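The chain contents come next:
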Amino acid sequence: MPDIVLTTLNAKYAHSAFGLRYLLANLGSLRERATILEFEISQHPVDVLDAILEREPRIVGIGVYIWNVDQATRLVADLKRSAPMSS
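What this report covers is the structure whose coordinates are included nearby. (Residues numbered from 1 in each chain as written. Predicted model: local features only at pLDDT ≥ 70, side-chain atom pairs only at ≥ 80, totals over all residues. Heavy atoms only, no water.)

Structural notes on the packing of aromatic side chains
- Under the counting rule described, the total for this entry stands at one aromatic pair.
- Ring geometry for Tyr65 versus Trp67: centroids 4.9 Å apart, planes at 5°, classification stacked.
- Overall, the relative accessible area of 24% leaves Tyr65 in the partly exposed class. (Phe/Tyr/Trp six-rings, centres within 6.5 Å; stacked < 30°, edge-to-face > 60°. Buried < 20%, exposed > 50% of the residue type's maximum accessible area, 1.4 Å probe, protein only.)

Concerning unusual backbone geometry
- Although it is not a glycine, Glu56 adopts a positive phi angle of roughly 50°.
- Turning to its location among the elements, Glu56 is positioned in the loop between helix H2 (45–53) and strand E3 (59–63).
- You can call Glu56 exposed: its relative accessible area is 65%. (Helix = DSSP H or I, 4+ residues; strand = E, 2+ residues; numbered from the N terminus.)

With respect to the environment of Val5
- One can find Val5 in strand E1 (residues 4–10).
- Under the relative-accessibility criterion, Val5 is labelled buried at 0%.
- Taking the C-alpha atoms as reference points, Val5 and Pro57, 52 residues apart in sequence, are found 6.2 Å from one another.

Notes on helix H3 (residues 69–82)
- Under the 1.5 Å per step criterion, the end-to-end length of H3 is 20 Å for 14 residues, consistent within 8% with the ideal 20 Å.
- Within H3, the full set of buried residues consists of Ala72, Leu75, Asp78 and Leu79. The arc that holds every buried residue of H3, seen down its axis, measures 120°, which confines them to one face. Along H3, the residues that are exposed and aim more than 90 degrees away from the buried face are Thr73, Lys80 and Arg81.
- Elements in contact with the buried residues of H3: E1, H2 and E3. (Expected span 1.5 Å × (residues − 1). Arc of directions from axis to C-beta. Contact = heavy atoms within 4.5 Å.)

Focus on the nonpolar core
- Counting residues in each nonpolar core, the largest one holds 10 residues, listed as Val5, Leu9, Leu37, Phe39, Val48, Leu49, Ala51, Ile52, Leu75 and Leu79.
- Mapped onto this core, the elements with two or more residues apiece are E1, strand E2 (34–40), H2 and H3.
- For this core, the element with the most residues is H2, which contributes four residues.
- With near-sequence residues (within four places) excluded, Val48 lies in contact with Leu9, Phe39, Gln43 and Leu75. (Core = buried A, V, L, I, M, F, W, Y, C linked by side-chain atoms within 4.5 Å.)

Next comes the structure, spelled out in structure tokens:
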């Protein structure tokens with residue numbers, strides 16, 4: 001299972017995050033270890049958090065845009081609280 005999750009909160013389901021795709025395409029040897037998860041800003045934050053955490057990622061990259069900055073900031077806080085980095 002990939003241990004790098006690239007994710008974002010899109011404004012609508014029909015949108016796709018090009019930034020995540022560009023990043024994935026340029027990960028080089030890490031590409032096989034990465035996956036993309038896209039959500040909508042209207043989804044319940046707990047559902048988004050659960051979907052990310054169930055993959056047990058070591059690295060989470062979040063695409064932040066003007067329309068999702070508040071939700072992305074809360075997601076980062078929730079991730080830190082739910083799965084703090086080990087020392």
